[in-house]
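# Descriptive analysis of the structure
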Amino acid sequence: MILPMKKLTLLVLDSQKKAALKTLRNFGAVHIEKEAASSDTLTELQNTYTRVQQAEALITESQPKKAEKTKTEPLTLNRNDLLQAVDEILELKDQESNTRAAINKLTGDIEAYSSWGDFDPEDIRSFEENSIYLTIGELPEKSYATLPETIKTVRLAGGKKTVRFAIVSETIDVPVDLPSDFNPLILPDMRLSAMHTKREQLQKQLPSFKAKIGARTELLAPLKAEAKKLAKEIEFETVRAGMEVIPLEEDTAAASSTDSSVTLAASGSAATAAVGSGNAANGTAGTASKEPIRLARLSGYILAEKQADFAGLAKANGWAFIADDPAEEDAVPTAMRHNRFVQLLTPLTDFLGTVPGYREPDISLWFLLFFGIFFAMIFGDAGYGGILVILSLIGIGKAKAKEQPAPLAMQMFLYLGVLTVIWGTATCNWFGISVDYIPAWLKNLSVPAISNATEESIRNANLMQFCFTLGLIQLTIGHIISIVRNIRSPQILGHVGSIAMLCGMYVVVLSLVVSAERYQINQPVMIAVGGGFALNFIFSNYQTGIGQSIVDSLKNIITMFLGVVNVFADIMSYIRLWAVGLAGSAISATVNQMAGPALGSFLIFLGVLLLFFGHGLNYIMNVLSVIVHGVRLNTLEFSNHVGLTWAGFKYEPFAE
């Protein structure tokens, strides 16, 4: 269930807001609306946090492989010493980057100057001491031939079409009448052979930086711990710096410093305050403060069941607060509480990041039930389910051995594994083994209508019908949930119409896919679809009256007509359970056929390896199929019929 929340507005003395936030964090039940905040302290903390994370990432990336690792004892360092180590790590990384940049520059220079040969640039510069200036460059053969006689040149070398030469002059100025395609040579800092030597030295030096960084593995644990501390400090400072400061007028300040308590009242809300009685800033009860009183304001949300506890905390600390029901436009966090069974869904929803809105229905129970069925049908193999059960029991057993609670993920996998074993047993599917080789007692446990021992065409028709029936049931439940939520509104007739359309389209789907003879599209079916559409058209947008609802539907006439098609498509969408399950079974059978011949020969090792690889790959593909298809049917098709958009965000109280 989604727990009711109260919107909270808290007022504390500005001089005491840091102490108040520490107390509030210890209380650990208020979800704070974080405002845009900035402060020198916050900037410094964020920069430090970034540096710590960078250092941790660099050590993790640079540490030697497992075979080369040496055990190191984690260090116990204070923040200053740890940050000094961080600076050393980052300095090594900067040196590595600079060295790599120098190598790249040298490589570029070597490529650029290699065609000019191994000359010493200082030899050329030495001519300037005798007032002889050399300008070196290159020109195409044709352009070089057109140089005027006033330009004195010394031909150096060249290719078939390019001439390299030096212009000799008594001034530093380059002749102005050179051709436009003249390409001057910028003298390098060193000769070509020296570039090669320098690059080799730097390349030999380069690995040492990574080795030095990777050798500091003893810093990993302190860095991780420090990053957590800094994250908490950043959160605290963000809240503190974002609190709005409200200066009080002089007469109000005087009144608040003489009164022992002030009561704030709001319609439908509870509010108390104690500003004074020893709590006023820079003053005592009964004495007006010389400095104006400044209040700091904080907004957030608290569980309704925690409101009384918070009121006691506020009274004890001299805080003023207002707790009221959230308004429609408020972005309220979602806090959920489930029984032990429904709690099994938590690992999946945490992985997906899906949270219902505060005012949306909680479908966790139905999500878990149907997701378990979808999982079992997609895996479709009792052997695969048995593996999941065994692995889950091992994980739970290890936790129990350490006297720790069983991980929720392991409990969820156990639930999914058991359902998969049940479905695989019902369909007589065990690691894709042909039914001819399955023991008779296992065949007897299967359900004839969907068992692999039944004729394929009959089995597939029954399975497809089961998928469509499952879809009809789930989507109908979605509208029943909406009917219960809107029981006092004529809008429920719109959902009744949707259920009628679902039933009519269910028969249409069966007629088109399973059997047109058994499931005929007759007059009752057409009445269900047409009448359901009429009810949905008239009442689905009901707010203030039927006329308003019809007008709103007319505004979205195309969407309303497409809704009929969507109902058909949503029911059809459930056939994916049969199709994906069938594909997984076919892959299992193919793997067995490929490995079979090898198992009966001297290549038995190769056969076993093929079995493990093939079934392992199929197992992974089934997991991906569950995420793509099993989750989709709940979060899209089912949720659309419930009216659930998953637009919420988690209730995350400000806590230690």
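A brief report on the enclosed structure follows. (Residues numbered from 1 in each chain as written. Predicted model: local features only at pLDDT ≥ 70, side-chain atom pairs only at ≥ 80, totals over all residues. Heavy atoms only, no water.)

### Some details on the environment of serine 15
Our working rule: Counting from the N terminus, the helices are the DSSP runs of H or I reaching at least four residues and the strands are the DSSP runs of E reaching at least two.
Here serine 15 lies in the loop between β1 (5–13) and α1 (17–27). For the pair serine 15 and valine 163, spaced 148 residues apart in sequence, the C-alpha to C-alpha distance is 80 Å.

### Things to note about the pattern of salt bridges
Quick reminder of the rule: Salt bridge, as used here: a side-chain nitrogen of Lys or Arg that lies within 4 Å of a carboxyl oxygen of Asp or Glu. A 1.4 Å probe rolled over the protein chains alone gives each residue an accessible area, and that area as a share of the maximum for its type sets the label: buried under 20%, exposed over 50%, partly exposed in between.
With the rule as written, the count across this model stands at 27 salt bridges. The residue glutamate 96 makes a salt bridge to arginine 100 at a minimum N-O spacing of 3.1 Å. Of this pair, glutamate 96 and arginine 100 both sit in helix α3 (residues 79–113), separated by 4 residues, roughly a single helical turn. Residue class for arginine 100 comes out partly exposed when judged on its relative accessible area of 39%. The residue arginine 297 makes a salt bridge to glutamate 244 at a minimum N-O spacing of 2.8 Å.

### Observations regarding the state of the cysteines
This is how the line gets drawn: Pairs of cysteine sulfur atoms within 2.5 Å are identified as disulfides in what follows.
If you walk through the whole model with that rule in mind, you get 0 disulfides. Lacking any disulfide linkage, cysteine 428 is separated from the closest cysteine sulfur, that of cysteine 467, by 18 Å. When its relative accessible area of 0% is taken as the criterion, cysteine 428 is described as buried. Between cysteine 503, a free cysteine, and cysteine 467, which holds the nearest cysteine sulfur, the sulfur-to-sulfur gap is 18 Å. Overall, cysteine 503 belongs to the partly exposed group, its relative accessible area being 36%.

### As for the nonpolar core
Heads up, the rule is: In this description, a nonpolar core means a group of buried Ala, Val, Leu, Ile, Met, Phe, Trp, Tyr and Cys residues linked to one another through side-chain atoms lying within 4.5 Å. The contact criterion used is simple: two residues touch if any of their non-hydrogen atoms lie within 4.5 Å.
In terms of nonpolar packing, the biggest core is built from 62 residues, with Ile363, Phe371, Phe468, Ile571 and Leu577 touching the most fellow members. Dropping the residues within four chain positions of it, isoleucine 363 is found in contact with Ile481, Phe638, Ser639, Val642, Leu644 and Trp646. Listed in part, the 35 residues of the second largest apolar core include Ile110, Phe119, Leu206 and Leu230.

### Re the side chain of histidine 31
Here is the rule we go by: Each polar contact in these results corresponds to two N or O atoms within 3.5 Å; when the atoms are within protein, one needs to be able to donate a hydrogen and the other to accept it, and residues that are neighboring in sequence are counted only if both atoms are side-chain atoms.
Looking at where histidine 31 falls in the secondary structure, it is placed in strand β2 (residues 30–32). Since its relative accessible area comes to 10%, histidine 31 is described here as buried. Only 2.9 Å separates the side chain of histidine 31 from the backbone nitrogen of glutamate 652, close enough to count as a polar contact.

### Here we look at unusual backbone geometry
Glycine aside, negative phi is the norm for most residues, and most peptide bonds take the trans geometry. The phi angle at cysteine 428 is positive, at roughly 60°, despite the residue not being glycine. Positive phi, close to 55°, is recorded for phenylalanine 431, a residue that is not glycine.

### Notes on helix α17 (residues 523–539)
Applicable threshold: Expected helix span is computed as 1.5 Å times (number of residues minus one).
The end-to-end C-alpha distance of α17 is 24 Å, a good match for the 24 Å that 17 residues give at a rise of 1.5 Å each. Buried within α17 are the following residues: Val525, Val529, Gly532, Phe533, Asn536, Phe537 and Phe539. Looking at the packing, one finds that the buried side of α17 touches α16 (492–513), α18 (546–555) and α19 (557–572).

### Quick word on the packing of helix α12 (residues 382–401) against helix α13 (residues 408–427)
Convention followed: Angles shown run from 0 to 180 degrees and are taken between the N-to-C directions of axes, each axis being a line fitted to C-alpha atoms and, for helices, limited to the stretch in contact. Angle categories are assigned with fixed cut-offs, so that under 35 degrees is roughly parallel, over 145 is roughly antiparallel, 65 to 115 is roughly perpendicular, and the rest are oblique. Each crossing gets its handedness from the near helix: less than a right angle anticlockwise from the far helix is left-handed, clockwise is right-handed. Gly falls in the polar group here, along with every residue not listed as nonpolar (Ala, Val, Leu, Ile, Met, Phe, Trp, Tyr, Cys, Pro) or charged (Asp, Glu, Lys, Arg).
Interhelical geometry of α12 versus α13 gives an angle of 155° and a closest axis separation of 7 Å. One element, α12, and the other, α13, form an angle in the roughly antiparallel class. In the packing of α12 onto α13, the handedness of the crossing is left-handed. Contacts from Ala382, Gly385, Gly386, Leu388, Val389, Leu391, Ser392, Leu393, Gly395 and Ile396 in α12 reach Met410, Gln411, Phe413, Leu414, Leu416, Gly417, Val418, Thr420, Val421, Gly424 and Thr425 in α13. Looking at the contact of α12 with α13, its residues break down into 12 nonpolar, 9 polar and no charged.

### Considering the environment of glutamine 593
Note on placement: glutamine 593 falls in helix α20 (residues 575–599). On the basis of relative accessibility, which here comes to 62%, the residue glutamine 593 falls in the exposed class.

### Overview of the packing of aromatic side chains
How two aromatic rings sit relative to each other is given by the distance of their centres and the angle of their planes. Rules: Pairs were defined over the aromatic rings of Phe, Tyr and Trp, the Trp ring being its six-membered one, requiring ring centres within 6.5 Å. Orientation was assigned from the angle between planes: stacked under 30 degrees, edge-to-face over 60, tilted for the rest.
Tallied over the full model, the rule gives 20 aromatic pairs. Seen in terms of ring centroids, phenylalanine 165 and phenylalanine 182 are 5.7 Å apart; in terms of plane orientation they differ by 45°. Their pairing is tilted. Highlighted residues: phenylalanine 165 in strand β5 (residues 162–169) and phenylalanine 182 in the loop between β5 and β6 (183–184), separated in sequence by 17 residues. Centroid distance phenylalanine 341 to tyrosine 415: 5.6 Å. Interplanar angle 85°. Geometry classified as edge-to-face. Residue phenylalanine 341 is found in the loop between β10 (320–324) and α10 (346–352), and its partner tyrosine 415 is found in helix α13; the two are separated by 74 residues along the sequence. Three or more aromatic residues joined by ring pairs form one cluster here, namely Phe367, Phe371, Phe375, Phe379, Tyr384, Phe431, Tyr619 and Trp646.

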